Amino acid sequence: MDLQHGAGLLHRLTSYTPDREWDVPIDDPRVRHDIVPNDPDTVPPPVKEYPGDLPRIPLPRDLPRPGVNATVVLAGEAAAARPLDAAELGRVLFLGAGVVRTATRNGRRFLFRAAGSAGGRFASELYASTRAVAGVPDGVHWYDPVEHALVRVGPPARGEATTIVVTGVPWRTGWRYAERGWRHLYWDAGTLLSQLSAAAASAGLRPRLRTLFPDRPVRELVGADGVHEHPLALLALGDGEPAVTASAPATQGSLPPVELPLCTQAQVAGESDELGEPWPEAPVLRDVPESPELDAVVLRRGSQRRMDRTATLPRRLLEWPMAAALRGIDVPHWVVVHGVDDVTPGVYRWPDLDRPLRAGVLRDEVLRVCLDQSLAADAAYVVIAATSGAELDDRSYRDAQLSAGLVEGRLHLAAYALGATASGMTFLDSEVPALLGQPDDLVTLLFTCVGVGEYASRAGGGPGAPVEVRPVMPRLGMQ
Ligand SMILES: Cc1cc2nc3c(=O)[nH]c(=O)nc-3n(C[C@H](O)[C@H](O)[C@H](O)COP(=O)(O)O)c2cc1C
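Residues numbered from 1 in each chain as written. Predicted model: local features only at pLDDT ≥ 70, side-chain atom pairs only at ≥ 80, totals over all residues. Heavy atoms only, no water.

With that out of the way, let us pick up the packing of aromatic side chains. Any two aromatic rings considered together are summarised by their centre-to-centre distance and by the angle between their planes. Tallied over the entire structure, the rule returns seven aromatic pairs. Centroid distance W22 to Y177: 5.8 Å. Interplanar angle 45°. Geometry classified as tilted. Of the two residues, W22 sits in the loop between α1 (6-13) and β1 (56-58) while Y177 sits in helix α4 (residues 170-177), which places them 155 residues apart along the sequence. Pair check on accessibility: W22 and Y177 agree, each one buried. Of the aromatic side chains, those joined through ring pairs into one cluster are W182, Y186 and Y397. A cation over an aromatic ring shows up here: R180 above the ring of F427, its NZ or CZ 5.0 Å from the ring centre. Sitting above the plane of the F213 ring, R395 keeps its charged end 4.8 Å from the centroid. (Phe/Tyr/Trp six-rings, centres within 6.5 Å; stacked < 30°, edge-to-face > 60°. Helix = DSSP H or I, 4+ residues; strand = E, 2+ residues; numbered from the N terminus. Buried < 20%, exposed > 50% of the residue type's maximum accessible area, 1.4 Å probe, protein only. Lys NZ or Arg CZ within 6 Å of the ring centre and 35° of its normal.)

Turning to helix α6 (residues 215-222), its buried residues are D215, V218, R219, L221 and V222. When α6 is viewed along its axis, its buried side chains cluster within an angular range of 155° and face the same direction. Elements in contact with the buried residues of α6: β4 (124-130), β5 (139-144), β7 (163-168), β9 (230-237), α7 (261-269) and α12 (394-417). (Arc of directions from axis to C-beta. Contact = heavy atoms within 4.5 Å.)

Attention now moves to the pairing of β7. When you tally the buried positions in β7, you get six out of six residues, the bulk of the element. Every second residue of β7 is oriented toward a common face, with T163, V165 and T167 on one face and I164, V166 and G168 on the other, all of them buried. The pairing of β4 with β7 spans six bridges and is classified as antiparallel. Within β7, the residue paired with L126 across the bridge is V166. Pairing analysis gives six bridges linking β7 to β9, with the strands arranged antiparallel. Bridge pairing links V165 to L234 in β9. (Pairing = 2+ DSSP bridges.)

Attention now moves to the site of the ligand. The full set close to the ligand counts 21 residues, and R301, S303, R305, Q373 and T426 are the nearest of them. Side-chain polar atom of S303 to an oxygen atom of the ligand: 2.5 Å apart, as the coordinates give it. For the ligand, the protein covers 94% of the area, taking 610 Å² as the surface of the free molecule. Those elements giving two or more residues to the shell around the ligand turn out to be β3 (108-113), α5 (181-202) and β14 (421-425). Sorting elements by how many residues they give to the shell around the ligand places β14 first, with three residues. Partitioning the shell around the ligand into residue classes produces six nonpolar, twelve polar and three charged. (Near = heavy atom within 4 Å. Polar contact = N/O pair within 3.5 Å; in protein donor to acceptor, adjacent residues only side chain to side chain. Areas by Shrake-Rupley, 256 points an atom, 1.4 Å probe, with all protein chains shown as cover. Nonpolar A, V, L, I, M, F, W, Y, C, P; charged D, E, K, R; others polar.)

Okay, the sheet that holds strand β6 (residues 149-154) next. In a beta sheet, neighbouring strands are held together by backbone hydrogen bonds and run either parallel or antiparallel to one another. Strand order in the open sheet made by the seven strands is β1-β6-β5-β4-β7-β9-β8, with antiparallel pairing throughout. What marks the edges here is a single partner per strand, and that holds for β1 and β8 (207-210). Geometrically, the sheet is characterised by an average inter-axis angle of 30° between neighbouring strands, direction not taken into account. For β4 and β5, the ladder comprises four bridges, and the chain directions are antiparallel. Within β5, the residue paired with Y127 across the bridge is W142. (Axes fitted to C-alpha atoms, helices over the stretch in contact; angles between N-to-C directions.)

Glancing now at the environment of R316. Assignment of secondary structure puts R316 in helix α9 (residues 316-325). Under the relative-accessibility criterion, R316 is labelled partly exposed at 36%. Linking R316 and V340, residues 24 residues apart in sequence, is a C-alpha distance of 9.0 Å.

Residue W350 is joined to P351 through a cis peptide bond whose omega torsion reads 10°. Within the secondary structure, P351 is located in the loop between β11 (346-349) and β12 (358-359). Notably, N38 is not glycine yet its phi reads approximately 65°, a positive angle. Following the sequence through the fold, N38 ends up in the loop between α1 and β1. For N38, a relative accessible area of 31% corresponds to the partly exposed category. Within the chain, A178 stands out as a residue other than glycine whose phi angle is a positive 50°. For A178, the position within the fold is in the loop between α4 and α5.

This is how it looks when you write it as structure tokens:
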């Protein structure tokens, strides 16, 4: 990866090191120095805004229930096909991006969505380009996650398969994390896609993920301007040609006009003209433990803020979630084991759990690498996605970040399905090669902590009925 341009430059200039606080920008004119992180005066709205006169289709709030266990979906077993209508499409969108909880902090109301998001910034938007969905006219629709409704922003696209387009809004996450937020767009797209795909698969809708697509036409399709909003991934429902060839540009809607030029350049550097193949289907896991239904697991999922470091997890709760989360993923992963029965504490290169690369209790070291965030030390194990910089270019860097987000999202679902808890976790980039015993050109992607919770979150509510929660604060550091 070229560290002087595009995604590589952004990665380098947004790498955390111990000698600089996470919210202090690096001394380089290419990053913005005038952003005050978390400034209440500049906080962006939580969702995109559109003129009130666009056609709206309320989606049924009573969600259909395919009744498929979470572990069955995560194992990759095919579910019986259900007809695609407004309620089924609405269920898929809701189980990815719907508002499930609300909280009030410092007088501000926060909307928590079904899938996790780095720092709770929820910088993704969803669009559905629909084809023959009963109860929804063909067209391009923005998903309103607050009202559980579709807003028609563009005419029908050419193509066969109804396709969900995931976009990211850099300023929504940049408001807290500045240019590093561009990485978070792909992490969040990954967690979101893990749940969108699981929801679609459980209804037999055969989700097909594409991350290679022609950027400019897809921007036109959904009205993303390529500065304040970028298309990140396509999820077609079924094997047909995805409905992404716009017949006319969509209405753009409004977003705050704040640009992070380094993010724009990183995004542009990876643009393509090509529509790629969907990600290949991975082999099905044969061994499937019992679990609650997927929909219940999604609503129960949250990011655990406090884990019990005195409790351990059985080896099975490391092996199964990892096997399920890594189905079809080629990004390398390591596991730092703190407290797992029948596994010696230390660092492992997945899937080899028999030979630690380093043996020893590394809670303090991982705590330091994770900016003193206690979850990293209190977890039973910490999963680390990282890859060699030599393997990446401007486009595959995006895929690597998104893969890491997908793994985080699936680990979350598997952990909650089997009675454990989880949280995503950020890190000091400069410290990870030594932790894992890897060369310095390692590009670290994402950490996920899995462990035993000190409390249980209230389950999220259904469409239009989020539950109000009192936020639990982690023990130390940023979040
Ligand atoms: C990719 C990713 C990275 C995260 N990083 C951290 C982190 O460094 N520290 C932390 O306490 N929580 C972290 N989280 C958890 C988020 O803060 C949490 O998902 C968000 O506040 C929404 O809450 P929920 O997951 O309970 O819905 C991360 C989550 C994701 C998805």
